[in-house]
Amino acid sequence: MSLSTNRRTMLLGGAALVGVGSLGLPRAARAATRLDLSEVLPEDNWQTVEIRKFAADVAERSGGEIEIVIHSGGALGFKGPEHLQAVANGLVPMADLLAAQAAGNAPILKLENMPFLVESPAELTILHKFLAPEFDKVSTRFNQKFLTTMPSPQNSIFMKKEASSLADLAGTKVRAADMTGKETFDYLGFTGVQIPWGELIPALATGRVDGVGTSSTSAVDGKFWEFMGFIYPTNHIWATNILSINMESWNRLSPEAQEAMLAAAEEWTPKFWAASKAKGDAANETLVQNGMKIVDIPPEMMTEMQNRTKPMIAAYIEELPEAGPIIEAYLKEVGRA
């Protein structure tokens, strides 16, 4: 990974000067501590908007002692998969990291990406009850503190044609955002194609792909109704973003400021989850209003999807044995043990 030394010096130097200036002063007289936050999502993305609300609340609760400055659209030069290490190494004080993108360093973060493991937002909440201690272990190991979680809306598979069986869709070229998604589509009998978001619309326009696996909010962003007509609400994977802060940056905050940030994080995490569901539901309505149809997936078709991808979960547990008891406990609680 190539990360700029000048960028690191600039960010750390500024944060250090602000932090030193605040030590030992009464709260009312403390200078604001600036915390730069790296965000790869665009400025007007709904998740970025929600994070700005969180940052404003932290500033208010801390009496202006904490100023979280959000750099959206990858403005600081970090890519999503770099965020875990960038925060760990102090290259940036804070980041919004997509958990699954950090799975190369911490494989447990890929667990919620296991296909068809989680069927609803309610089940995702239950899974996170078991994942929370694992997230704490990851944050400690990588010299940071995880503050909030924010899941993406439910994922669907968007297609050009309507079908009632996997056989009718065999070989369809379906875009995936990562290798896990590509592998999932291959197991389903499609042809998985890994394509970055920035290249997706041209790929749809030229026929390089005929389907896309993503969230409904992303589908609205891409105006999928211009290319496809059908929505298969599969909930085949889930993805969660985590707001994280470097431990040195955290330790430079006063106890009162830390308390303010933790209080904001506790309040905003459920708000983030509620916003995710609301945005997903609203996006589906927008897609339908623009002519797309939500397919009622036959139970036999859904069962076949689940059965075809079970080897992926088995392989994951073999690779990461500690994931087995977590998945087992989760499935028992949701009644699918």
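Residues numbered from 1 in each chain as written. Predicted model: local features only at pLDDT ≥ 70, side-chain atom pairs only at ≥ 80, totals over all residues. Heavy atoms only, no water.

### Some words on the sheet that holds strand S10 (residues 240-246)
Strand pairing in a sheet relies on backbone hydrogen bonds, with the paired strands running either antiparallel or parallel. Overall, mixed pairing links the 5 strands, which are arranged S2-S1-S3-S10-S4 in an open sheet. In this open sheet, the two edge strands, each paired with only one partner strand, are strand S2 (66-71) and strand S4 (144-151). For this sheet the average axis-to-axis angle between neighbouring strands, irrespective of direction, equals 25°. Sheet topology places strand S1 (residues 33-38) next to strand S3 (residues 94-98); 2 bridges connect them, and they run parallel. By the bridge assignment, Ser 38 is partnered in S3 with Ala 95. (Pairing = 2+ DSSP bridges. Helix = DSSP H or I, 4+ residues; strand = E, 2+ residues; numbered from the N terminus. Axes fitted to C-alpha atoms, helices over the stretch in contact; angles between N-to-C directions.)

### Here's the deal with the environment of Val 212
Take Val 212: it is sitting in strand S8 (residues 211-215). Its relative accessible area of 0% is what places Val 212 among the buried residues. Taking C-alpha positions, Val 212 is 21 Å from Val 40, a pair spaced 172 residues apart along the chain. Those residues in contact with Val 212, other than ones at most four positions away along the chain, are Ser 156, Ile 157, Phe 158, Val 174, Arg 175, Leu 200, Leu 204, Phe 224 and Met 228. (Buried < 20%, exposed > 50% of the residue type's maximum accessible area, 1.4 Å probe, protein only. Contact = heavy atoms within 4.5 Å.)

### Observations concerning the confidence of the model for the chain
For the chain, the average pLDDT comes to 91, and 91% of its residues sit at 70 or higher. Taken together, the stretch residues 1-29 has pLDDT below 50 and engages in 35 contacts with residues farther than four places along the chain or on a different chain. (pLDDT = per-residue confidence, 0-100.)

### Points about the pairing of strand S5 (residues 155-159)
For S5, the buried fraction is high: 5 of the 5 residues fall into the buried class. Neither face of S5 is exposed, since Asn 155, Ile 157 and Met 159 on one face and Ser 156 and Phe 158 on the opposite face are all buried. Two strands pair when backbone bridges link them, and S5 and S8 are joined in this way by 5 bridges, in the antiparallel orientation. Note on S8: the bridge partner recorded for Ile 157 is Gly 213. Sheet analysis places S5 next to strand S9 (residues 230-232), joined by 3 bridges and oriented antiparallel. The partner of Phe 158 across the bridge, within S9, is Ile 231.

### Comments concerning the packing of helix H5 (residues 179-187) against helix H10 (residues 299-319)
Helix-helix packing is described using two parameters, namely the angle between the two axes and the distance between the axes. Two numbers describe how H5 lies on H10: the axes approach to 8 Å, and their chain directions differ by 140°. When the axes of H5 and H10 are compared, the pair comes out oblique. When the axes of H5 and H10 are compared, the crossing they make is right-handed. In this structure, H5 contributes Thr 180, Glu 183, Thr 184 and Tyr 187 to the contact, and H10 contributes Arg 308, Thr 309, Pro 311 and Met 312. By residue class, the composition of the contact of H5 with H10 is 3 nonpolar, 3 polar and 2 charged. (Parallel < 35°, antiparallel > 145°, perpendicular 65-115°, else oblique. Left-handed = near helix turned anticlockwise from the far one by under 90°. Nonpolar A, V, L, I, M, F, W, Y, C, P; charged D, E, K, R; others polar.)

### Quick look at the nonpolar core
Core analysis: the biggest nonpolar cluster contains 31 residues, and Ile 108, Leu 109, Leu 111 and Leu 117 have the highest contact counts within it. When contributions to this core are tallied by element, the ones reaching two or more residues are helix H3 (83-88), helix H4 (121-141), H10 and helix H11 (323-333). Excluding residues that lie within four positions of it along the chain, Leu 111 makes contacts with Leu 117, Leu 127, Leu 131, Tyr 316, Ala 323, Ile 326 and Ile 327. By size, the runner-up hydrophobic cluster in this structure holds 24 residues, among which are Ala 55, Ala 265, Trp 268 and Ala 275. (Core = buried A, V, L, I, M, F, W, Y, C linked by side-chain atoms within 4.5 Å.)

### Things to note about the sheet that holds strand S6 (residues 173-176)
Overall, mixed pairing links the 6 strands, which are arranged S7-S6-S8-S5-S9-S11 in an open sheet. Looking at strand neighbours, the two that pair on one side only are strand S7 (191-194) and strand S11 (293-294), the edges of this open sheet. As defined by bridge partners, S6 adjoins S8 across 2 bridges and the pair is classed as parallel. Each residue of the ladder has a partner; that of Arg 175, found in S8, is Val 212. Along the sheet face, H5 touches S5, S6, S7 and S8 and points at about 165° away from the line of S7.

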